[in-house]
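# Coordinates in review
Now for the letters of each chain:
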Amino acid sequence: MSSIHLVLGGIRSGKSAHAEGLAAKLGEGRRVIYIATGTVTDDEMAERVRLHRERRPAEWQTVEAPLNPVGALQEAGVDSEHSPALLLDSLDGWVSNLLIEHERMDRKELEGRTVGAVRRFVSYVGEVDADAVVVSSEVGQSLVATSSLGRQFQDLLGTVNQAMAADADAVTLVVAGIPVLIKPQG
């Protein structure tokens, strides 16, 4: 039976490292697929990606999926026959990419499309009988962005995080490297 564990936290909170540990436990004896949603836009982002890659076990498969994780997983041949462990890092990267891709779209339409895409991912996890760990930034405790695009991102990610948390079997908030389980599995 599939499961989803959402790991939330601020920037540099330790959420990715915690999620990688969860995925390693889920992946014992099975295929682990790291779903990378980030896009390299500058040298600093390239360094972040490099550090994430170095931390991951070499046997994990990486699937680049900046806009469509389900499509990328289907192309990679992920199916229910192998019941993989998945690590999506990160939901906020995916939402950011969708926002930039559809920046001129009506906000409500973009919200519906984005939440729909996340729900398709949740359904796909169930279809392939996977266990997934999903990483996202918690925007509810940060300052309100000073730009319209920044506020739109915060609002959209907040809505998406709520939808994912509602569908997730477990939710952990990572603060200063300390994981706090806020929605126990079961």
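The shown structure was predicted, so the numbers you read here are calculated from the model rather than taken from an experiment. (Residues numbered from 1 in each chain as written. Predicted model: local features only at pLDDT ≥ 70, side-chain atom pairs only at ≥ 80, totals over all residues. Heavy atoms only, no water.)

Packing of helix 5 (residues 107-127) against helix 6 (residues 148-167) brings their axes to within 10 Å, and their N-to-C directions diverge by 35 degrees. Read as a crossing pair, helix 5 and helix 6 show a hand that is right-handed. Between helix 5 and helix 6, the contacting residues are Arg107, Leu110, Glu111, Thr114, Val115, Val118, Arg119, Phe121 and Val122 on the first element and Ser148, Gln152, Asp155, Leu156, Thr159, Val160, Ala163, Met164 and Asp167 on the second. Partitioning the contact of helix 5 with helix 6 into residue classes produces nine nonpolar, four polar and five charged. (Axes fitted to C-alpha atoms, helices over the stretch in contact; angles between N-to-C directions. Helix = DSSP H or I, 4+ residues; strand = E, 2+ residues; numbered from the N terminus. Left-handed = near helix turned anticlockwise from the far one by under 90°. Contact = heavy atoms within 4.5 Å. Nonpolar A, V, L, I, M, F, W, Y, C, P; charged D, E, K, R; others polar.)

Our focus in this paragraph is the pattern of salt bridges. Using the criterion set out here, one finds eight salt bridges in the structure. Across the salt bridge formed by Glu47 and Arg50, the nearest N and O atoms sit 2.5 Å from each other. You can see Glu47 and its partner Arg50 sitting in helix 2 (residues 43-55), three residues apart, about one turn around the helix. Among the ionic pairs, Glu64 bridges to Arg53, the shortest N-O distance being 3.6 Å. Taken together, the positions of Glu64 in strand 3 (residues 61-64) and Arg53 in helix 2 put the pair 11 residues apart, joining distant regions of the chain. Classification of Glu64 by relative accessible area gives partly exposed; the value is 45%. Salt bridges linked by common partners bring Glu47, Arg50 and Glu54 together as one network. (Salt bridge = Lys/Arg side-chain N within 4 Å of Asp/Glu carboxyl O. Buried < 20%, exposed > 50% of the residue type's maximum accessible area, 1.4 Å probe, protein only.)

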